[in-house]
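Fold and geometry: a report
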Amino acid sequence: MRFLKGHGTENDFVILPDPDGELDVSASLVAKICDRRTGIGADGVLRVARTKQSHEVAEQASAAEWFMDYRNADGSVVEMCGNGVRVFARYLIDAGLAEHAEFAVATRGGLRKVRVEPNGDVTVDMGRPVVHGESVATVGSHEYTGLCIDMGNPHLACAIGDPVAQLDLAHQPGFDTGVFPGGVNIELFNPVGTSRAVMRVFERGSGETRSCGTGAVATAVAAASLSGDSTGTWTVEVVGGTLTVILDEDTSYLSGPAVIVASGELMLAV
């Protein structure tokens, strides 16, 4: 089984090219691949499949040739991944599977338009964030109130007064399962000035990751709301680097580096 390895601000992924839809990507196989000691190691797996052959997203086939079939490190199926779709786009360009600098990618969270910038960064139209009120995350003995934000996948973005660098995110923060019955990605961030935030994230199915693209957008939305704004350009500093988020009246954009670092043959037993 051929694979590639890539990352976007150190949110890393194993890419499995599967243009003919021949791979049986089970949850157990994904977990083996993502294991950082006995596998390749990654926050998730990106299977590259033709949209028209993927019944889940076949209705998007007229607009996007390729479907990003994303799985978390534990093998669970996910709607959308912001850094993942940028790495996915970088692979398509490098492999000659996308002829232009702007194209669309099919995801379970809906169609995502991407653009490769002249400096090599990849920008993706993330769609319009939807805010569903407030909820509470619990880290140790501390409770933090945040916004429930739908980015095609669920987020709880909490502005906190404690320095995020000092948080213990070795374990899943507590959250209201009545609000998030399918789990949630939890962002904890420090607002810095008027257009910057420092963020850490605990992703459902993967644990703490060094970056989260959808989480960066959710963080920008929550940070902007603190000053009564809903638009603007935000710099979101994650453990693995820096992402830029643009919020306008109709949609949101995520921009940052996306690189492919390795390729080879996977020899794990299915």
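Residues numbered from 1 in each chain as written. Predicted model: local features only at pLDDT ≥ 70, side-chain atom pairs only at ≥ 80, totals over all residues. Heavy atoms only, no water.

1. A look at the overall build of the chain
If you tally the helices and strands in the chain, you get three helices and 17 strands. For 270 residues, the compact-globule estimate of 2.2 N^0.38 gives 18 Å, and the C-alpha radius of gyration of the chain, at 18 Å, lies within 12% of that figure. Principal-axis analysis of the C-alpha atoms places the extent of the chain at approximately 50 × 40 × 35 Å. Scored against the burial criterion, the 270 residues of the chain give a buried share of 52%. For the chain, contacts bridging at least 24 residues in sequence account for 61% of all contacts bridging at least 6. Here the chain displays about 11,500 Å² of accessible surface, and carbon together with sulfur accounts for 48% of that area. Of the side chains in the chain, 20 bear a positive and 35 a negative charge, and the two mean positions are spaced by 5 Å. (Helix = DSSP H or I, 4+ residues; strand = E, 2+ residues; numbered from the N terminus. Rg over C-alpha atoms; globule rule 2.2 N^0.38 Å. Buried < 20%, exposed > 50% of the residue type's maximum accessible area, 1.4 Å probe, protein only. Contact = heavy atoms within 4.5 Å. Areas by Shrake-Rupley, 256 points an atom, 1.4 Å probe, with all protein chains shown as cover. Lys, Arg positive; Asp, Glu negative; His and termini not counted. Charge placed at Lys NZ, Arg CZ, Asp CG, Glu CD.)

2. So, the side chain of E203
Within the element layout of this structure, E203 appears in strand β12 (residues 196-203). The buried charged residue E203 lacks any salt bridge partner; its closest oppositely charged side chain belongs to R204, at an N-O distance of 7.4 Å. When near neighbours in sequence (up to four residues on either side) are disregarded, E203 contacts N11, N185, T209, S211 and C212. (Salt bridge = Lys/Arg side-chain N within 4 Å of Asp/Glu carboxyl O.)

3. A few points about the environment of N11
Looking at where N11 falls in the secondary structure, it is placed in strand β2 (residues 11-17). Put simply, N11 and G213 are 202 residues apart on the chain and 8.7 Å apart in space, counted from C-alpha to C-alpha.

4. What about the sheet that holds strand β4 (residues 66-72)?
One open sheet holds the five strands; their spatial order is β4-β3-β2-β1-β17, and the pairing between them is mixed. Bordering the open sheet on either side are β4 and β17 (259-265), each of which pairs with just one other strand. Neighbour-to-neighbour, the strand axes of the sheet open up by a mean angle of 25°, direction not taken into account. (Pairing = 2+ DSSP bridges. Axes fitted to C-alpha atoms, helices over the stretch in contact; angles between N-to-C directions.)

5. Some details on the layout of surface pockets
What the largest pocket holds in volume is close to 220 Å³. Along the walls of the largest pocket sit 13 residues, with R128, P129, V221, S230 and D248 positioned nearest its centre. Counting residues per element, the lining of the largest pocket draws most heavily on helix α3 (residues 213-226), which supplies three residues. Split by residue class, the lining of the largest pocket holds five nonpolar, three polar and five charged. (1 Å grid on protein atoms, 1.4 Å probe; cavity = no way out; pocket = protein on both sides within 12 Å on 5 of 7 lines; lining within 4 Å. Points joined across faces, edges and corners; volume = space filled by probe spheres on them. Nonpolar A, V, L, I, M, F, W, Y, C, P; charged D, E, K, R; others polar.)

6. Quick look at the packing of aromatic side chains
In the structure shown here, the tally under the stated rule is two aromatic pairs. Ring plane angle 75° and centroid distance 5.8 Å describe the contact between F13 and Y70, whose orientation is recorded as edge-to-face. A residue pair is termed long-range when its members are at least 10 positions apart, and F13 in strand β2 and Y70 in strand β4 qualify at 57 residues. Look at F13 and you get buried, because its relative accessible area is 0%. Centroid distance F175 to F180: 6.4 Å. Interplanar angle 70°. Geometry classified as edge-to-face. (Phe/Tyr/Trp six-rings, centres within 6.5 Å; stacked < 30°, edge-to-face > 60°.)

7. A look at helix α2 (residues 82-94)
Between the first and last C-alpha of α2 there are 19 Å, a value that for 13 residues agrees with the 18 Å anticipated at 1.5 Å per step. In terms of residue burial, α2 counts as a mostly covered element, since eleven of its 13 residues are buried. Of the positions making up α2, those classed as buried are G82, N83, G84, V85, R86, V87, F88, A89, R90, Y91 and L92. (Expected span 1.5 Å × (residues − 1).)

8. Quick notes on empty space enclosed by the protein
Counted according to the given criterion, the structure contains one cavity of 30 Å³ or more. Of the volumes computed, that of the largest cavity is approximately 50 Å³. Looking at side-chain class alone, the lining of the largest cavity contains five nonpolar, four polar and two charged residues.

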